[in-house]
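# Structural characterization, general
This is what each chain is made of:
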Amino acid sequence: MLKNYLVVALRNFWRNKVFSLINIAGLAIGISASLVIYLIVHYELSYDKFEKDGDRIYRVVTNMHFPDADFKNSGVPDPLPPAMRSEIPGIEKSTMFTTYHSMKVKVAPKNEGEKVFRKQGSIIFADEQYFRFFNYRWLAGSPDHSLSNPNEVVLTENRARTYFPYADITNAMGQTITYDDSVKATVTGIVKDIDEVTDFTFKEFISLSTPLEDLKKDDQWGSVTSSSQFFVKLDKGIDPKTINSQLAALRKKHEKKAYLPTDHFLQPLSDIHFNNDFDAFDQRQGHKPTLYGLLAVAAFLLLLGCINFINLTTAQASQRAKEIGIRKTMGSSRRNLVIQFLTETVLMTFVATIVSVLLIPWVLKLFSAYIPEGLHFDLFHQPHLLVFILVLILAVSLLSGFYPSMILSGYRPVLVLKNLAYANTAQSRRVWIRKTLTVSQFVIAQFFIIATMVVGKQIRYSLNKDMGFTKNAIINFRVHYNYLHPDDKQFVLQEKLKAIPGIQQLSLAGEAPAGENTNISTMKFNKDGKETETSVEVKQADTSYFSLYKMKLDAGRNLQQSDTLREYIINETYARVLGYNDPANIVGQFIDHGGKKFPVVGVLADFHSKSLHSAIQPLAFYCEAKRHSIFHIALANGGNNTDAWKKTIARIETAWKEVYPEDDFNYEFFDGSIARFYKKEQDTARLLDWSTGLAIFISCLGLLGLVIYTTTQRTKEIGVRKVLGASITQIVSLLSKDFILLVLFGFLIAAPLAWWAMNKWLEDFAYRTSLNWWIFAVSGILMVVAALLTMAVQTIRSAIANPVKSLRTE
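Residues numbered from 1 in each chain as written. Predicted model: local features only at pLDDT ≥ 70, side-chain atom pairs only at ≥ 80, totals over all residues. Heavy atoms only, no water.

## Details of helix α16 (residues 642-659)
We apply this condition: Going along the chain from the N terminus, every DSSP run of H or I of four or more residues is numbered as a helix, and every run of E of two or more is numbered as a strand. The span you would expect from a helix comes to 1.5 Å times its residue count less one. Exposure categories follow from relative accessible area, calculated using a 1.4 Å probe and restricted to protein chains: below 20% of the type maximum is buried, above 50% is exposed, and the middle band is partly exposed. Of all possible arcs, the one meant is that of the directions from the helix axis to the C-beta atoms. Should any heavy atoms of two residues lie within 4.5 Å, those residues are counted as being in contact.
Spanning 18 residues, α16 covers 26 Å between terminal C-alpha atoms, matching the ideal 26 Å at 1.5 Å per step. Looking only at α16, the buried set comprises A644, W645, T648, I649, I652, A655, W656 and V659. Across the axial projection of α16, the buried residues extend over an arc of 130 degrees, all falling on one side. Exposed and facing more than 90 degrees away from the buried side of α16 are D643, K646, K647 and E658. On its buried face, α16 sits against β14 (474-478), α13 (489-498), β15 (503-509), β23 (630-635) and β24 (668-669).

Encoded structure:
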């Protein structure tokens, strides 16, 4: 029986090659997108799922309450971990570690010379509980005898082999490693690298008790840094809300020792990868709304392919009516017919799946902006992918084939053999359903078109809006500055750079006018006996900073060069917050910062220090030259003279190497860092571009199939009309009119939906573009033009056909 089903299915495919190819193409595109998006979503949701009892593991995080804003931090103050361990019950295990910036590493393997690694990352300082808390496979040593003493280090296998090229890596045990020329540590353990998907990508674990001046313990409850991480594992049955309430009580007990009102609470392990309020050890973090958007794209593309299949199958129903009537007359049951038609659907879906697997390398390129670095496609080594493919084949087959199979198998043999099976009520009902599905396709396609245009318009608006400073032909780079042991190397480099002719202007200061790094401080101001306390973003500038960035000073004067904090320049927004609408009136007034009063010597015109997502906030500049560590260089020949820029940058690098011979020279164009503000939106725009293109393509494929079927069914009618004098234009118009009306009806539904959705999306921007009427008009016109071009070839060919041949079709 199964063989018979397959033979009939293959014969039907061969007899209707065009419709079969259209169906396979539509389903293959949808299935390809679904497979790739499944891989992405599965990968992102797999982070740290391998941890035993992961549902009981939490990170303790901090929320500091400034006067008019909250500041979230993934770290904790140093006194908190011992206080939690001693005063809060319900904690089974806990561990504390400190993340660290890159370090200079020296090793001296036996029988080999000294090796130096200038900037080694993935290093943490961990307490003795770390390896009892997190699960690692040990190659040498044990969790019970590692990191319990100062100057001990545990390495992952790959890092150990980088340092010590021994065939038996356990020979690295007992070797000495020197960090930053000051700290020596002995290798007391080697563990396997974590092969699972994780944010814990550390490769060197130095004992937390190792003396290091940068990591001196701070007993202040108000001192919080994101490098100090504290994890806890709760006892079974303990509600995290209970721990949070105990944390609040503990914090209240020590609140008087803190600078600001502060909360601590538990963050689930599964939340670390997705919660952008708290960092994930400087690793790339996921974005759940983006994953939901990807799933929606996959669902829509798959739905479009299924709609094509349903439409074309039901449209061809009349051609199979006699086959069905004869089968029923010969004794075939409705159940057998349903199985027959579902077999055809499953077979076609299977072929489409094979095609989609072949298309995956191409689709991976389309979604490259969303592909995590560790994600790969390996059909035979990813069992979950095979299961997903099987489920997808069954789901698509049922979604696409159930309705057509029920329609086709429901024909009554007597009416079929009298050519009445496809008449009157049943026919009109199926046509209505087919039109509804076609409209649905165009609603999805036109929604994508409008969304693509709006997102692109907002990105262009964001990148081209005047931010209050110039950003072109400026490069920034940072020098290494040791706050504990400062030197004057940056000033030596500054003098060397002044001699380079390709530099138009130079500034040695703090962060650029706009960037991702933020330094917030609390400032007080007294006006007429009323004190205002404000959270203020603080930046450092020198005397050249404002002129280099062409920032406008509305009132007062520039900062004076100084090695210590003496005065402030504030922005207009801060002046208004303090009650001064005229900037000139606040010049000469004093701001209280840290118990000291400093004069306001100038007011800057407002500028955007963050992306357009955020409104402009109070901001203050000061000069403390001895702590300046970022160079800002305006390149000469600003008319995009890239050859001149390359020569100038090469000279800058030469000067850099003379002062910092051991450090790499890394610079960034300022306009590139501004563009990074909108990376998420740019990725969304690329996704929408491809989604829109694929949606239009699948919709037009389905439309082409319906047009081919319609013109074939109306061949005799077209011949009669031509004989009676109808022109080619009239016939093309006749054949196209109904389909264009469906496109326009789809536009009427898509436009308000898109308007609502795009308005909600734009609400995320404090400064946004407008939703112009022409966006919707262009969308409708584009879809009509695409539909006309799709129909043109077939309708014109039918219209110019010889009527004599048309009238011989029967």
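## A few points about the pattern of salt bridges
Here is the rule: Salt bridges are defined as contacts in which a side-chain nitrogen from Lys or Arg sits within 4 Å of a carboxyl oxygen from Asp or Glu.
Scanning the entire structure with this criterion turns up 22 salt bridges. Here K233 makes a salt bridge to E92, at a shortest N to O gap of 3.8 Å. Of this pair, K233 sits in strand β12 (residues 228-234) while E92 is found in strand β3 (residues 91-99), placing the two residues 141 residues apart along the sequence. Here K203 ties to D193 by a salt bridge, and the two come within 3.6 Å at their closest N and O atoms. Here D193 lies in the loop between β10 (183-191) and β11 (204-207) and K203 lies in the loop between β10 and β11, a separation of ten residues in the sequence. Given a relative accessible area of 27%, K203 falls into the partly exposed group.

## Examining the environment of L399
Its location among the elements puts L399 in helix α10 (residues 383-409). Separated by 96 residues in sequence, L399 and L303 place their C-alpha atoms 8.8 Å apart.

## With respect to unusual backbone geometry
For D180, which is not a glycine, the phi torsion comes out positive at approximately 50 degrees. Here D180 is to be found in the loop between β9 (176-179) and β10. For D180, a relative accessible area of 28% puts it in the partly exposed group. One non-glycine residue, K550, adopts positive backbone phi at about 55 degrees. You can see K550 is positioned in the loop between α14 (545-548) and β18 (553-556).

## Focus: the environment of L234
Residue placement: L234 occurs in strand β12. Separated by 140 residues in sequence, L234 and S94 place their C-alpha atoms 8.8 Å apart. Aside from chain neighbours lying at most four places away, what touches L234 is R56, Y58, G90, I91, E92, P240, I243 and L266.

## Description of the packing of helix α20 (residues 728-762) against helix α21 (residues 773-799)
The test is simple: All axes here are fitted lines through C-alpha atoms, helices being fitted over the stretch that makes contact, and every angle between N-to-C directions spans 0 to 180 degrees. By definition in this entry, angles of less than 35 degrees are roughly parallel, angles greater than 145 are roughly antiparallel, angles of 65 to 115 are roughly perpendicular, and the rest are oblique. Note: crossing handedness is left-handed where the near helix turns anticlockwise from the far helix by less than a right angle, and right-handed where it turns clockwise. All amino acids are sorted into three groups, where Ala, Val, Leu, Ile, Met, Phe, Trp, Tyr, Cys and Pro are nonpolar, Asp, Glu, Lys and Arg are charged, and the leftover types, Gly among them, are polar.
It is at 9 Å that the axes of α20 and α21 come closest, and there the two elements cross at 155 degrees. When the axes of α20 and α21 are compared, the pair comes out roughly antiparallel. Regarding α20 and α21, the two cross each other, and that crossing is right-handed. Here the contact of α20 with α21 is composed, by residue class, of 20 nonpolar, four polar and no charged.

## Overview of helix α2 (residues 17-44)
Spanning 28 residues, α2 covers 40 Å between terminal C-alpha atoms, matching the ideal 40 Å at 1.5 Å per step. Within α2, 23 of the 28 residues are buried, which leaves it mostly tucked inside the rest of the structure.

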